[in-house]
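Descriptive analysis of the structure
Chain by chain, the residues run as shown.
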Amino acid sequence: MSTDTPPPLSLDVAWGRETIRVTNVSSRLPADPTDGQVEQVVAAGRANRSSWLPDAAWNAIARATTRPEALAVQLKPTVDEPSGLLMIEHVEGATLRSAVTRVLLSELFPGIQPRTGMEVSEVSDPQVHGVTHEGRPGAIVRYHYENLEHLRNHVWQTIHATLNINSYAASILTRSVTRNLITHPVEITFEDGTEPVHVLAVRDGITRLASAWAVLAGHDADLADVATLATNALLGEGNVPGAPTLSGLGECLATARAGWRQGLRKEFDEEMNGTAPGLRAAQIAQSYVVPAQVSVGIEGHDGRVLSPEDIFDDAIRSVLASVHVEFQQWDPAAQNLEVITRALKRIIQQNDPRWNTTELQSVYGLAVGRIPVKELPQTFGGDPAPPATALWRAVYLISALTQPEFLELLKDQAKAIKGGKRMSIKGFSELLGPIIDLPWRAKKKLVTKQARNAWNNGGVLTNDVTQGWIPVPTEDFTTLVAPAMNGDNDARCTLAVAGGVALIADKLLTRNVGSSLGTVKEKGGVPFRADVYKVVEGLSHRTNELGLWTLALAANTFRGDGLPQNSVAKQSLTGKGTSTSDEPPYVYFKVDLDAADHIARDAAGVPERLYEWDVVAASAPDRAARLVTPAATVAPPPILGTSVRSTDSEPASAEGREGAESNNTPSDPANAEAVPEGALFQYGDPQEAMNAAALPGPRNASPSAPPSQRAAGHRKALELSVQGARDALDYLHALEPEVGGHTPIVPVSQLDELHKLLVGILTDVENLRRRSVENRALEHIGPEPDESQDLALD
């Protein structure tokens, strides 16, 4: 039977150093849906009573599919099937209805997963809210961003972070994406008043989505280039303003994406019309369209007491967790986050009369970040209300989640989700780490691993904390010391949790290991081994005044916007310090009960810095006094601004190494200019130095100039290029603490390439140096002219 469509092609293409057999390359790309086809899908969606969505969401789905007629058929109700031919999936407490279709890659936005939600990221996730209609849930959620820039940065970060973890690019190039991506519509809203946008978001299959973009970008594309390509294709080159002739921002962005696809289609057609279609045709064909399962309907089961706006997102997360907790597992922190939040949801659904459902919703919202820290006073109320700080958020969350009967319910649900038969307090504590560190995770990323290890070791869940208590809000934690010593259990547990969380978050209380014994305290030593929760228990004992003051001062000192000098110190390259802030340095000090302000000072009157040794020792002063050794006290306290070696068997941070090297470089504080933190370039603006380094040769070199003159220009260019590379590396070191944990500051593959290039440059420089030394030695053979001979020649 004849057809107008040529059969698919199979090609052998070069992908890096490998030759890949690409199969089933279509000879043409699917056209975008027409306005009439879009309206057909929207009308079918409206007519399907089991699949309510706003018209804008149906438009987003219709624009994304390459088979609008087939989608409309799936949505059309029949006598036997009132919900049409939609796929029906029963999950915990709800029924999902989905359409299976093929969608355009450039219409899919990356959604949110627990895997990305627990990571150290410099760009925060949006707030997530459910959407309801007439009191019933819709198969749609609302992502609330600060502004368009926040959206762009979040999309870029998600693609970049995903590809740093894994990539299926070679497989997708071979046979395209073969498994359905789980997607659903999302309404994107903005805090700054920008009008909302409706899009289709991917909730499972983000690695396949990002890998398809990597195929389109090409093998040699940097991961940052892939993320930029995807972001620009989805959101235009920069913030696209709404055009007067269009109906709004969403329509403007959709038109921009359609224009981008038109250019891609033209490139593909030109390649296919050539004599031998090659790699570029394969890249476009294999990534242009992906299969998807699009959720369009949700129905909560009878007796389910989740609020309507939570039912759909909970159902989607149940689908994801069934895959990534039981089979293709996320890392432990992501699993812990999913387990504790789902356990909370299950308790909410039980409608247990012992617990107020509204209050449970508030605790859940605070735990997942839906309720921001600034709303803490309104959420918990009281007189006085708690201060709106990240530390007080941790205190109130832990208090709520460890009420005895509620704690047992949570443990039972967590066991059921994980499939275990028992759960200890340590096992429950590890679930809390990714929830507690949410507000400061990005700012303290250099010590996040050690902090979560401490939560795995019991955290602050002492026997008293798990017996039930009520936080005592205060602006000054030291005011709680006296009541705690006089038997006020609420004050004592407030100190234990607040001070313990602060010490754990800033790596002053870790899961100490055997190698820490016998090590000097300035290098992470401890006087004796003890579980983290046992140390907090000892510090918070009502008769331990030293321990209670240590907790109180730690809680007062804690800041969520960075790291103290005790854990990771920034180095001064100019002698004037690294902070440009008017705030005092962020440092924890050792406690001295005999001092008026309870801060220990040395013989010169300088406050003594607090170390983990002091924290552990303060939990059991008598035991520490018996075990103390001269080796633990010989080293003087370091001066503010010097480095502290990383502990917990972790390699020293790049920032610490940089600082250690900079201490060997003499500096003159009197002549040094004030340099902002991170501004390490000696040649002015960082971009100017990078531009200079990128020049292929001297800027003003004339081709007609004598070789010696041109050589002088090239020598200057070489010097500037090498210095520019040094400055760029320093700049990367300075940025490393702020870059999210989703990616190394420089990928290993790029470091390997740079290393080869630098070794080659170093070899050539050394060869030039040797030749210059040899030539100079030959010139100086024979008697050296003396000063009188030189004068005579003049």
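The rules behind each value
- Residues numbered from 1 in each chain as written.
- Predicted model: local features only at pLDDT ≥ 70, side-chain atom pairs only at ≥ 80, totals over all residues.
- Heavy atoms only, no water.
- Helix = DSSP H or I, 4+ residues; strand = E, 2+ residues; numbered from the N terminus.
- Buried < 20%, exposed > 50% of the residue type's maximum accessible area, 1.4 Å probe, protein only.
- Axes fitted to C-alpha atoms, helices over the stretch in contact; angles between N-to-C directions.
- Parallel < 35°, antiparallel > 145°, perpendicular 65-115°, else oblique.
- Left-handed = near helix turned anticlockwise from the far one by under 90°.
- Contact = heavy atoms within 4.5 Å.
- Phe/Tyr/Trp six-rings, centres within 6.5 Å; stacked < 30°, edge-to-face > 60°.
- Lys NZ or Arg CZ within 6 Å of the ring centre and 35° of its normal.
- Nonpolar A, V, L, I, M, F, W, Y, C, P; charged D, E, K, R; others polar.
- Polar contact = N/O pair within 3.5 Å; in protein donor to acceptor, adjacent residues only side chain to side chain.
- Expected span 1.5 Å × (residues − 1).
- Patch = residues over 30% accessible without salt bridge, like charges linked within 9 Å, V, L, I, M, F, W, Y side chains within 5 Å.
- Areas by Shrake-Rupley, 256 points an atom, 1.4 Å probe, with all protein chains shown as cover.
- Salt bridge = Lys/Arg side-chain N within 4 Å of Asp/Glu carboxyl O.
- Pairing = 2+ DSSP bridges.

Another aspect to go through is the environment of Ala62. Position of Ala62 among the secondary structure elements: in helix α2 (residues 55-64). Taking the relative accessible area as the measure of exposure, Ala62 reaches 0% and is therefore buried. Taking C-alpha positions, Ala62 is 9.5 Å from Asp35, a pair spaced 27 residues apart along the chain.

Before going further, it helps to examine the packing of helix α15 (residues 390-401) against helix α20 (residues 489-505). Viewed as axis vectors pointing N to C, α15 and α20 meet at an angle of 130°, and their least axial separation amounts to 9 Å. As far as their axial angle goes, α20 and α15 are oblique. The handedness of the crossing between α15 and α20 comes out as right-handed. In contact with Leu391, Trp392, Ala394, Val395 and Ile398 of α15, α20 contributes Thr494, Val497, Ala498, Val501 and Ala502.

In this section: the packing of aromatic side chains. Counting across every chain of the model gives seven aromatic pairs. Ring centres of Trp355 and Phe406 lie 5.2 Å apart, and the angle between their planes is 75°; on these two criteria the pair is classed as edge-to-face. One end of the pair, Trp355, is in the loop between α12 (332-350) and α13 (357-368); the other, Phe406, is in helix α16 (residues 404-418), and 51 residues separate them in sequence. Accessibility expressed as a relative area gives 4% for Phe406, which makes it buried. Consider the rings of Tyr586 and Tyr588, whose centres lie 5.9 Å apart with planes at 40°: the pair is tilted. Across the pair, Tyr588 and Tyr586 agree in class, each one buried. Put simply, the rings of Phe380, Trp392, Tyr396 and Phe477 pair up and form one aromatic cluster. The aromatic ring of Phe528 is capped on one face by Arg623, whose charged end is 4.0 Å from the ring centroid.

Their axes nearest at 9 Å, the elements helix α1 (residues 35-47) and helix α3 (residues 68-75) cross at an angle of 10°. In terms of orientation, α1 lies roughly parallel with respect to α3. Contacts from Gln37, Gln40, Val41, Ala44 and Gly45 of α1 reach α3 at Pro68, Glu69, Leu71, Ala72 and Leu75. Its residues assigned to classes, the contact of α1 with α3 shows six nonpolar, three polar and one charged.

Within the secondary structure, Thr478 is located in the loop between α18 (448-456) and α19 (481-485). Overall, Thr478 belongs to the buried group, its relative accessible area being 17%. A distance of 2.7 Å separates polar atoms of two side chains, one belonging to Thr478 and the other to Asp476.

Quick look at helix α8 (residues 223-235) now. Taking 1.5 Å as the rise per residue, α8 with 13 residues should run 18 Å; its terminal C-alpha atoms sit 18 Å apart, in good agreement. Val226, Ala227, Ala230, Thr231, Asn232, Ala233, Leu234 and Leu235 are the residues of α8 that are buried. Capping the start of α8 is the job of one residue whose side-chain oxygen sits 2.7 Å from the backbone nitrogen of Ala224: Asp222. Where α8 ends, the next residue or the one after it, Gly236, has phi of about 80°, a positive value.

All right, on to a nonpolar patch on the surface then. Together, Leu751, Leu754, Leu757, Leu758, Ile761 and Val765 give the surface a local cluster of nonpolar side chains, amounting to about 510 Å² of exposed area. Mapped onto the fold, Ile761 is located in helix α28 (residues 748-779).

Bridge analysis of strand β1 (residues 9-15) against strand β2 (residues 18-25) gives six bridges, and the strand direction is antiparallel. Looking across to β2, one finds that Val13 is bridged to Ile20. Hairpin connection from β1 to β2: two residues lie between these consecutive antiparallel strands, with Gly16 at a positive phi of about 70°.

Charged atoms that come close allow side chains of opposite charge to pair. Tallied over the entire structure, the rule returns 26 salt bridges. With a closest N to O distance of 3.1 Å, Glu107 and Arg257 form a salt bridge. Residue Glu107 is found in the loop between β4 (94-104) and β5 (108-110), and its partner Arg257 is found in helix α9 (residues 249-272); the two are separated by 150 residues along the sequence. Each of the two residues, Glu107 as well as Arg257, counts as buried. Salt-bridge contacts for Asp437 lead to Arg452; the nearest nitrogen and oxygen are separated by 3.0 Å. Highlighted residues: Asp437 in the loop between α17 (425-436) and α18 and Arg452 in helix α18, separated in sequence by 15 residues. A relative accessible area of 9% places Asp437 in the buried class.

Right, let's get into the environment of Arg175. Counting through the fold element by element, Arg175 comes out in helix α6 (residues 169-175). Accessibility expressed as a relative area gives 46% for Arg175, which makes it partly exposed. When the C-alpha atoms of Arg175 and Ser287 are compared, they prove to be 9.6 Å apart, with 112 residues separating the residues in sequence. Residues within four places of Arg175 in sequence aside, it is in contact with Thr23 and Gln286.

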